[in-house]
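# Observations on the model geometry
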Amino acid sequence: QVRVVESGGGLVQPGGSLRLSCAASGSIARILTMGWYRQAPGEGRELVAAITNGGSTNYADSVKGRFTVSRDNAKNTVYLQMNTLKFEDTAVYYCKADGLTYTAWGQGTQVTVSS
């Protein structure tokens with residue numbers, strides 16, 4: 001069983017920064033892709049950013065130039081550096097790990113952008 005745990009959420013003012021971390025543990029076979037998704041109240045879950053084990057990245061248009069996803073394969077950890085945060089970035093942020101035979105989601109961490 002694969003377990004994914006997020007950390008680093010919180011309350012930040014518009015224009016501020018936060019760094020989220022996500023660590024995968026357990027019976028991990030090779031993790032292919034790790035990604036960040038978010039879900040705002042009343043909205044569906046959307047992809048924010050993802051990174052493959054080879055380092056290829058993919059970002060939602062709304063966060064390009066502001067967010068950076070990175071990964072430490074040795075630690076099975078993925079990070080999301082969020083800069084220039086906006087009110088509309090407020091959401092629960094979820095981490096996902098994809099392997100050949102599994103997909104594992106974390107419980108989510110709340111990010112609130114408010115003045």
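Numbers given to residues run from 1 along each chain, matching the order in which its sequence is written. This being a predicted model, a pLDDT of at least 70 is required before a residue's local features are given, and a value of 80 or more before pairs of side-chain atoms are given or counted; all residues contribute to the totals for chains, interfaces and linings. To get the side-chain values, take all heavy atoms of the structure and skip hydrogens and water.

This part is about the pattern of salt bridges. Here, a salt bridge means any side-chain nitrogen of Lys or Arg that lies within 4 Å of a carboxyl oxygen of Asp or Glu. Following the criterion strictly, the structure yields five salt bridges and no others. The residue Glu46 makes a salt bridge to Arg38 at a minimum N-O spacing of 2.7 Å. Exposed residues in this analysis have more than 50% of their type's maximum accessible area, buried residues have under 20%, and partly exposed residues fall in between, with area computed by a 1.4 Å probe over protein chains only. By relative accessible area, which is 36% here, Glu46 ends up partly exposed. Judged by relative accessible area, which is 7%, Arg38 ranks as buried. Put simply, Arg38, Glu46, Arg66 and Asp89 are held in one network by salt bridges that share partners.

Attention shifts here to the nonpolar core. Within soluble globular proteins, side chains that are nonpolar generally end up buried alongside one another. We call a set of buried Ala, Val, Leu, Ile, Met, Phe, Trp, Tyr and Cys residues a nonpolar core when their side-chain atoms join them within 4.5 Å. Within the largest apolar cluster, 30 residues are counted, with the highest numbers of intra-cluster contacts made by Trp36, Leu80, Met82 and Tyr93. For this core, the secondary-structure elements that each account for two or more residues are strand 1 (2-7), strand 3 (18-26), strand 4 (31-39), strand 5 (46-52), strand 7 (67-72), strand 8 (77-82), strand 9 (91-99) and strand 11 (109-113). For Tyr93, the residues in contact, after removing those within four places along its chain, are Glu6, Leu20, Trp36, Tyr37, Arg38, Val48, Phe67, Leu80, Met82, Gly108, Thr109 and Val111. By the criteria applied, helices consist of DSSP H or I runs no shorter than four residues and strands consist of E runs no shorter than two, each listed in order from the N terminus. In what follows, a contact means two residues having at least one pair of non-hydrogen atoms within 4.5 Å.

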